[in-house]
Amino acid sequence: MSRIGRLPIPVPAGVTVTVDADNVVTVKGPKGELNQKVNKDIKVELVGNEVIISRPSDSKPHRSLHGLYRSLINNMVVGVTKGFEKVLTMEGVGYKVSEWNKNQLTIAIGYSHPVIVDAPAGIEFDCPDKSGTKIVVKGIDKQAVGAIAADIRAIREPEPYHGKGIRYENEYVRRKEGKAGKK
């Protein structure tokens, strides 16, 4: 049996989990509401204040889906209670960011024009650093937060020679030695 899939998901107070006839799981909490369509073979049931996920057989597709849906539903429960965030930092002379109404970023990253990033629904931006080198992406959907953070990082990925660019907060950028000069 799947080690991840067999773990029950605790449902904290203030969170409601419902499963409809089409196997769509809806999680409502203090921060919002999330939905996830679950494969028809995977059984999701609410027992007390825990969500139990089970599979019909030990076939490879069922085993892989078992752990997947358990993780997705657990991320939904965590998202509507605590939320998720990704922190990005900018390295480089003149690289800075400014926010506009928590749903738009203006990034000066060495191009001839500023890059403007709009937040999709359910995502918030924050720039807590006075120097304008830190970006915090917040939201209740883990997939959306990670996707937007990856899109922002892709604007100017960290380069290996000087380390300039946008990176995740604790990301290690492997540095290369520059070209050796003549002696």
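Residues numbered from 1 in each chain as written. Predicted model: local features only at pLDDT ≥ 70, side-chain atom pairs only at ≥ 80, totals over all residues. Heavy atoms only, no water.

**Considerations on helix H1 (residues 60–81)**
Taking 1.5 Å per residue, 22 residues should reach 32 Å; H1 reaches 33 Å between its end C-alpha atoms and fits that length. Of all the positions in H1, only His 62, Leu 65, His 66, Gly 67, Tyr 69, Arg 70, Leu 72, Ile 73, Met 76, Val 77, Gly 79 and Val 80 are classed as buried. Against strand S1 (9–10), strand S3 (24–29), strand S4 (32–37), strand S5 (43–47), strand S6 (50–54) and strand S7 (84–91) lie the buried residues of H1. Backbone geometry just after H1 places Gly 83 at a positive phi near 85 degrees. (Helix = DSSP H or I, 4+ residues; strand = E, 2+ residues; numbered from the N terminus. Expected span 1.5 Å × (residues − 1). Buried < 20%, exposed > 50% of the residue type's maximum accessible area, 1.4 Å probe, protein only. Contact = heavy atoms within 4.5 Å.)

**Topic: the pattern of salt bridges**
All chains considered together, the criterion is met by 7 salt bridges. Each of the salt bridges in this network shares a partner with another, and the network as a whole consists of Arg 153, Glu 157 and Glu 171. (Salt bridge = Lys/Arg side-chain N within 4 Å of Asp/Glu carboxyl O.)

**A closer look at the pairing of S3**
Bridging between strand S2 (residues 16–19) and S3 involves 4 bridges; their strand directions are antiparallel. Each bridged residue has a counterpart across the sheet, and for Val 17 the counterpart in S3 is Val 27. Taking the residues that link successive antiparallel strands as the turn, the S2-S3 hairpin has 4 residues, and the phi of Asn 23 there is positive, at about 65 degrees. (Pairing = 2+ DSSP bridges.)

**Looking at the sheet that holds S1**
Taking strand neighbours across the sheet as the criterion, the 3 strands line up as S1-S6-S5 in an open arrangement whose pairing is antiparallel. With one partner strand each, in any of the chains shown, S1 and S5 form the two edges of the open sheet. Sheet topology note: the S5/S6 ladder contains 5 bridges and is antiparallel. Residue Leu 46 lies in a different strand from S6, and its bridge partner there is Val 51.

**Points about the sheet that holds strand S9 (residues 104–108)**
Taken in spatial order, the 3 strands of this open sheet run S8-S9-S10, and their pairing is antiparallel. The outermost strands of the open sheet, each flanked by one partner alone, are strand S8 (96–99) and strand S10 (115–118). Across the sheet, the mean angle from the axis of one strand to that of its neighbour is 20 degrees, orientation sign disregarded. With 4 bridges connecting them, S9 and S10 associate as antiparallel partners. (Axes fitted to C-alpha atoms, helices over the stretch in contact; angles between N-to-C directions.)

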